[in-house]
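# Coordinate inspection notes
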Amino acid sequence: MNNDFTKGRRKFVKSAFTVASALAIAKVAPTWAVPQGRSFKDQILTNDEIDLTITKSPLLVGNKVGTPITINGQMPGPLIRLKEGQRAKLNVINRLLEDTSIHWHGIILPENMDGVPGVSFEGIKPGRTFKYRYDVEQNGTYWYHSHSGLQEQLGHLGPLVIEPKDGDIGADREHTIILSDWTFEDPDTVFRNLKVAEGYYNYQKRTIFETFKDVRQQGLDKTWKQREMWGQMRMSPRDIADVTGSTYTYLMNGRDSQMNWSALFKPGEKVRLRIINGSAMSFFDVRIPGLEMTVVAADGQPVKPVPVDEFRIGVAETYDVIVQPKQNKPYTIYAESFDRSGYVRGTLTPELGLEAEVPELRQAPERGMAAMGMGAMAMSGDMKGNSMNMKHMGGNNSHMTHKMTHKRELPVENIKIKHRESGHGAGAAMIATNPVSRLHEPGIGLEDVEHKVLLYTDLIGAHEWPDTREPERQIELHLTGNMERYMWSFDGKKFTEVDGPVQFHHGERLRLVMVNDTMMDHPIHLHGMWMELENGQYPRPRKHTISLKPNEKVSLLITADAPGSWAFHCHLLYHMKAGMFRVVNVA
Ligand SMILES: [Cu+2]
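Residues numbered from 1 in each chain as written. Predicted model: local features only at pLDDT ≥ 70, side-chain atom pairs only at ≥ 80, totals over all residues. Heavy atoms only, no water.

### Quick look at the sheet that holds strand 2 (residues 50-56)
Where we set the bar: Should DSSP find at least two bridges between two strands, the strands are taken to pair. Helix and strand assignments follow DSSP, with helices taken as H or I runs no shorter than four residues and strands as E runs no shorter than two, numbered in order from the N terminus. For helices, the axis comes from a line fit to the C-alpha atoms of the stretch in contact; other axes are also lines fit to C-alpha atoms, and the angle between any two N-to-C directions lies between 0 and 180 degrees.
Taking strand neighbours across the sheet as the criterion, the 4 strands line up as 5-2-7-9 in an open arrangement whose pairing is mixed. The two strands at the open ends of the sheet, each matched to only one other strand, are strand 5 (69-71) and strand 9 (129-135). Adjacent strand axes in the sheet meet at a mean angle of 20° when their direction is disregarded. Pairing between strand 2 and strand 5: 3 bridges, direction antiparallel. Residue pairing across strands places Thr55 opposite Thr70, the latter belonging to strand 5.

Below, the structure is given as structure tokens:
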């Protein structure tokens with residue numbers, strides 16, 4: 001490998017940092033989020049060492065000063081641009097009063113460089129520097145974030161872009177967009193609030209007036225039954241997200257909607273947007289009214305182009321889209337939280353200072369039976385006394401079937417799902433007795449939109465991956481939870497309750513079957529290895545994070561080629577903290 005890249009990069013990084021520190025308490029303005037973007041020809045190649053200093057600094061977030069964790073004075077941290085084939089040299093300097101870490105999300109690297117305290121290394125003590133060193137053997141859009149405590153919620157995150165070897169980004173210009181969710185509350189307080197009352201941040205509960213309306217429309221009997229059912233599950237039909245816009249300010253490259261992050265284009269140019277969901281708890285629905293987006297990469301990996309009008313991005317996922325605005329006018333980049341409790345917008349514009357119309361927030365969706373995949377879910381564990389099979393209540397949702405797009409048979413549909421006799425214990429308030437494949441569904445709140453929404457079944461790998469073997473072995477894991485107690489787990493066991501790691505045999509080809517026994521969406525992330533999603537397409541799309549809808553089962557193929565211990569967890573920060581976390585050991 002050639003270690004001698006240009007020296008220009010260092011200069012660039014240095015001057016960028018000087019600007020950043022000059023901004024200090026000024027506006028949150030990551031210097032990489034320049035509105036001009038970067039044209040293809042200007043790219044700076046580098047393998048220089050990059051220093052990342054982690055501290056806490058007062059910064060203006062929206063219209064109020066907060067104290068985020070900053071990286072080189074910025075929140076989010078600087079855009080790190082590496083080049084495929086180089087050796088990454090990243091020095092992380094901890095100026096916090098507590099341990100910290102950086103995990104390079106989606107990067108294939110040696111176990112001890114993965115940055116998960118207690119799994120891959122000890123963590124970085126206050127005042128210490130950790131030197132990350134690894135060979136970069138992939139390209140695409142990724143990100144990095146703390147894997148220590150709840151630091152990610154404080155803004156300890158940033159974008160990571162790896163240029164392809166040949167430098168061709170397939171566009172005239174590119175912009176990187178990292179979405180995040182900021183709260184002025186202490187993240188430990190947020191977690192405590194969730195523990196005390198799961199619906200704490202859910203102010204969209206149904207009112208008594210809506211109940212009367214329901215009675216009028218559906219009759220008393222059905223209304224009562226629905227209320228009783230939701231009541232027994234201790235859940236509001238509107239609990240889509242458990243932390244919402246009631247505390248969050250949604251940010252695009254560190255700016256709220258008012259600050260309006262803007263990116264330039266020239267009419268007719270092909271613009272690549274690298275979109276990263278770096279939020280702690282928020283799924284976003286992204287669209288640019290008036291512009292078609294062509295999805296060309298998912299989780300950093302190339303896919304066959306899919307033209308869409310909107311896509312849902314789960315926490316920790318990334319999508320690259322190409323847009324080609326032809327008109328000389330601004331366009332709104334609109335990212336709406338999937339529970340419709342808030343949004344953030346930015347602007348794609350031919351000249352600075354312009355803005356386009358901002359869409360209204362759409363109506364909050366409800367978790368009806370249909371939204372849960374029409375399958376039967378039964379309660380178990382400590383709620384068994386009230387056991388109730390929702391199948392009885394699903395009768396009038398059959399109209400949903402008509403809306404389903406054509407779907408082909410997936411391997412997972414022929415896999416019999418096993419539940420332990422006992423369900424999954426107290427950690428699982430319910431089990432999906434008849435989980436279904438939902439990869440062809442756009443997701444809650446997007447079922448009835450008139451335009452084209454990206455589906456997981458639309459994703460086709462741009463080329464074949466090296467390992468084409470059939471799986472030799474199958475592992476089944478259940479996503480489980482108890483909403484009332486805010487317990488989140490795999491197979492009913494919190495991380496602190498399991499005896500040992502999930503064992504992968506080094507070199508084997510595995511099929512991982514996951515079943516979502518809960519009523520929430522969970523973005524599940526495997527470190528160190530790719531997961532090929534069995535979505536009926538070939539080549540299969542490769543993912544580092546896969547979102548499961550309620551009552552859904554999915555299957556993924558994994559080549560266990562990375563020896564060592566790796567984190568495997570739900571990427572909703574408070575779910576991970578609550579115990580939805582495992583260690584995978586490859587040996
Ligand atoms: Cu989760």
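From this point, things continue past the structure.
### Description of the coordination of the copper ion
What counts, and what does not: Coordinating N, O and S atoms are those within 2.8 Å of the metal (3.2 Å for Na, K and Ca), and as water is not part of the atoms, a site may appear to have fewer donors than expected.
At this site the copper ion is bound by His522 (ND1), Cys570 (SG) and His575 (ND1), with donor distances of 2.0 to 2.1 Å. As a motif over one chain, the donors of the copper ion read H-x47-C-x4-H. Here the residue His522 occupies a position in strand 29 (residues 522-526), and Cys570 occupies one in strand 34 (residues 564-570), the gap between them amounting to 48 residues.

### Thoughts on the nonpolar core
Spelled out, the test is: Buried Ala, Val, Leu, Ile, Met, Phe, Trp, Tyr and Cys residues form a nonpolar core when they are joined through side-chain atoms within 4.5 Å. Exposure classes here rest on a 1.4 Å probe applied to the protein chains alone. A residue is buried below 20% of its type maximum, exposed above 50%, and partly exposed in between. Every residue pair with non-hydrogen atoms within 4.5 Å of one another is taken to be in contact.
Counting residues in hydrophobic clusters, the biggest one holds 135 residues, and the most contacted among them are Trp104, Tyr132, Tyr134, Leu179, Phe504, Met514 and Tyr574. For this core, the element with the most residues is strand 28 (residues 509-516), which contributes 5 residues. Setting aside its immediate chain neighbours within four residues, Tyr134 contacts Leu82, Gln86, Arg87, Ala88, Leu90, Trp104, Ile107, Leu109, Pro110 and Met113.

### Focus: the pairing of strand 25 (residues 473-482)
Side-chain direction in a regular strand flips from residue to residue, so the side chains alternate between the two faces of the sheet. Here strand 25 lies mainly inside the structure; 8 of its 10 residues are buried. Alignment of strand 25 against strand 28, held across 7 bridges, turns out to be parallel. Across the sheet, Ile475 pairs through a bridge with Leu512, a residue of strand 28. Taken together, the 4 bridges between strand 25 and strand 26 (residues 487-490) define a ladder with antiparallel strand orientation. Each bridged residue has a counterpart across the sheet, and for Gly481 the counterpart in strand 26 is Trp488. Hairpin connection, strand 25 to strand 26: the antiparallel pair is bridged by 4 residues, and Tyr486 has positive phi, about 50°.

### Quick look at empty space enclosed by the protein
Short version of the rule: Put simply, the grid is 1 Å and covers the protein atoms alone, a cavity is a trapped set of points that fit a 1.4 Å probe, a pocket is an open set with protein on both sides within 12 Å along at least five of seven lines, and lining residues have an atom within 4 Å of a point. Grid points are joined across faces, edges and corners, and a volume is the space filled by probe spheres set on the points. Classification used: nonpolar for Ala, Val, Leu, Ile, Met, Phe, Trp, Tyr, Cys and Pro, charged for Asp, Glu, Lys and Arg, polar for all others including Gly.
Tallied over the entire structure, the rule returns 9 cavities of 30 Å³ or more. Reported here for the largest cavity is a volume of approximately 180 Å³. Along the walls of the largest cavity sit 15 residues, with Arg312, Pro442, Tyr456, Ser547 and Lys549 positioned nearest its centre. When the residues that make up the lining of the largest cavity are grouped by side-chain class, the tally is 7 nonpolar, 3 polar and 5 charged.

### Some details on the pattern of salt bridges
The condition that has to hold: A side-chain nitrogen of Lys or Arg and a carboxyl oxygen of Asp or Glu constitute a salt bridge if their distance falls within 4 Å.
Inspection of every chain in the model, using the stated rule, returns 27 salt bridges. Of the charged contacts in the structure, one is a salt bridge between Arg287 and Glu310, with a shortest N-O distance of 3.8 Å. In this pair, Arg287 sits in strand 16 (residues 284-287) while Glu310 sits in strand 19 (residues 310-313), placing the two residues 23 residues apart along the sequence. Across this residue pair, the class does not change: Arg287 and Glu310 are buried. You can call Glu310 buried: its relative accessible area is 0%. Overlapping salt bridges bring together Asp285, Arg287, Glu310, Arg312, Glu336, Arg340 and Arg362 as one network.

### Considerations on the pairing of strand 18 (residues 301-308)
Here strand 17 (residues 293-298) pairs with strand 18 via 5 bridges, running antiparallel. Counterpart to Val295 in the pairing with strand 18 is Val306. Between strand 17 and strand 18, which pair antiparallel in sequence order, lie 2 residues; one of them, Asp299, sits at a positive phi of approximately 55°.

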